[in-house]
Amino acid sequence: MYSARSLRICILPSVAASLFCPFPALAASEAPTIESYLFRMFLALIGIGACAWLALRFAQKRGISRPKRGDLCLLATLPLGHEVVYLVRCGPDVVAFVSGKNGALFLGRWGLRDWEDKSGDVS
């Protein structure tokens, strides 16, 4: 007999295909109505959204989508006219850069220990 896995592999493509054409009589007609077209597009968008949600859930469980806590932390921002200075802790380092209309400019990089000694505290 067939196993449950092999049946799923055989049945799932036909079920997925039936979602895009839920009524075979509508597919056989010469001129599909706008309602049937919108219904099929709505089902397709639901399917795409479900796949994206499942992929995001899988990535979060595997630790792919987000950095570990404490690896990346925004310490401070300072607006300067149309530009902004960012101070970011990246693991064992502290990085400063300016971001504006013309792009970003790297200002410097310090070790976390050096930064703590000079500034007093880092959250």
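A brief report on the enclosed structure follows. Source: prediction; values computed, not measured.

Analysis parameters
Sequence order sets the numbering: in each chain, residues are counted from 1 along the sequence as written. Restriction of local features to residues with pLDDT of at least 70 applies here, the model being predicted, together with a cutoff of 80 or more for giving and counting side-chain atom pairs; totals for whole chains, interfaces and linings are based on all residues. Side-chain metrics in this entry use all non-hydrogen atoms of the structure; hydrogen atoms and water are not considered. A run of H or I in DSSP counts as a helix once it spans at least four residues, and a run of E counts as a strand once it spans at least two, with each numbered from the N terminus. Whether a residue is buried, partly exposed or exposed follows from its accessible area with a 1.4 Å probe, protein chains only, as a fraction of its type maximum: under 20%, in between, or over 50%, in that order. Pairs of residues are marked as contacts when any of their non-hydrogen atoms sit within 4.5 Å. All accessibility values rest on the Shrake-Rupley procedure with a 1.4 Å probe; residue burial counts only the protein chains present in the view. Pairs of strands are assigned from DSSP output, requiring at least two bridges between the strands. Each axis is a line fitted through C-alpha atoms, taken for helices only over the stretch in contact, and angles between the N-to-C directions span 0 to 180 degrees. Take a side-chain nitrogen of Lys or Arg and a carboxyl oxygen of Asp or Glu: if they are within 4 Å of each other, that pair is a salt bridge. Here the expected length of a helix is defined as 1.5 Å per residue gap, with one fewer gap than residues. By definition, no residue in a patch forms a salt bridge, and every one has over 30% relative accessible area; like charges are joined within 9 Å, nonpolar side chains (Val, Leu, Ile, Met, Phe, Trp, Tyr) within 5 Å.

**Some thoughts on the overall build of the protein chain**
Okay, step 1: Counting its secondary structure elements, the protein chain contains 4 helices and 4 strands.
Okay, step 2: Of the regular secondary structure in the protein chain, the N- to C-terminal order runs α-α-α-β-β-β-β-α.
Okay, step 3: Considering the protein chain as a whole, with its 123 residues, one finds that 12% of them fall into the buried category.
Okay, step 4: In the protein chain, the share of contacts with a sequence separation of at least 24, taken over all contacts with a separation of at least 6, comes to 8%.
Okay, step 5: Of the roughly 10200 Å² of accessible surface on the protein chain, a fraction of 65% belongs to carbon and sulfur atoms.

**A closer look at the sheet that holds strand S1 (residues 72-80)**
Okay, step 1: The antiparallel open sheet is built from 4 strands, whose spatial order is S1-S2-S3-S4. At either end of the open sheet lies a strand with only one pairing partner, and these are S1 and strand S4 (103-111). Between one strand axis and the next, the sheet turns by 20° as a mean value, whatever way the strands run.
Okay, step 2: Sheet topology places S1 next to strand S2 (residues 83-90); 8 bridges connect them, and they run antiparallel. Bridge assignment links Cys73 to a residue of S2, and that residue is Arg89.

**Looking at the environment of Arg109**
Okay, step 1: The residue Arg109 is located in strand S4 in this model.
Okay, step 2: Assessed through its relative accessible area of 58%, Arg109 is described here as exposed.
Okay, step 3: The spacing of Arg109 and Cys90 is 19 residues in sequence and 9.8 Å in space, taken between C-alpha atoms.
Okay, step 4: The residues touching Arg109, leaving out its near neighbours within four places in the chain, are Asp93, Val94 and Val95.

**Notes on the pattern of salt bridges**
Okay, step 1: Inspection of every chain in the model, using the stated rule, returns 1 salt bridge.
Okay, step 2: A salt bridge links Asp93 to Arg109; the nearest nitrogen and oxygen atoms lie 2.6 Å apart. Residue Asp93 is found in strand S3 (residues 93-100), and its partner Arg109 is found in strand S4; the two are separated by 16 residues along the sequence.
Okay, step 3: The class of Asp93 is buried, set by a relative accessible area of 17%.

**What to know about helix H3 (residues 34-62)**
Okay, step 1: End to end, H3 covers 42 Å across 29 residues, agreeing with the expected 42 Å (1.5 Å per residue, within 8%).
Okay, step 2: Of all the residues in H3, the buried ones are Ser36, Ala44 and Ala59.

**Considerations on a nonpolar patch on the surface**
Okay, step 1: Residues Ile34, Tyr37, Leu38 and Met41 make up a contiguous nonpolar surface patch of about 400 Å² in total accessible area.
Okay, step 2: Tracing the backbone shows Met41 in helix H3.
Okay, step 3: Looking at Met41, the relative accessible area reads 36%, which means it is partly exposed.

**Re the pairing of S2**
Okay, step 1: With antiparallel pairing between neighbouring strands as the criterion, S1 and S2 make up a hairpin whose turn holds 2 residues, including Gly81 at a positive phi of roughly 65°.
Okay, step 2: As judged from the 7 bridges shared by S2 and S3, these two strands associate in the antiparallel manner. Across the sheet, residue Leu87 finds its bridge partner in S3, namely Ala96.
Okay, step 3: Here S2 folds back onto S3 in antiparallel fashion, the turn holding 2 residues, of which Gly91 has a positive phi close to 65°.

Function cannot be inferred from these measures alone, as they are strictly geometric.
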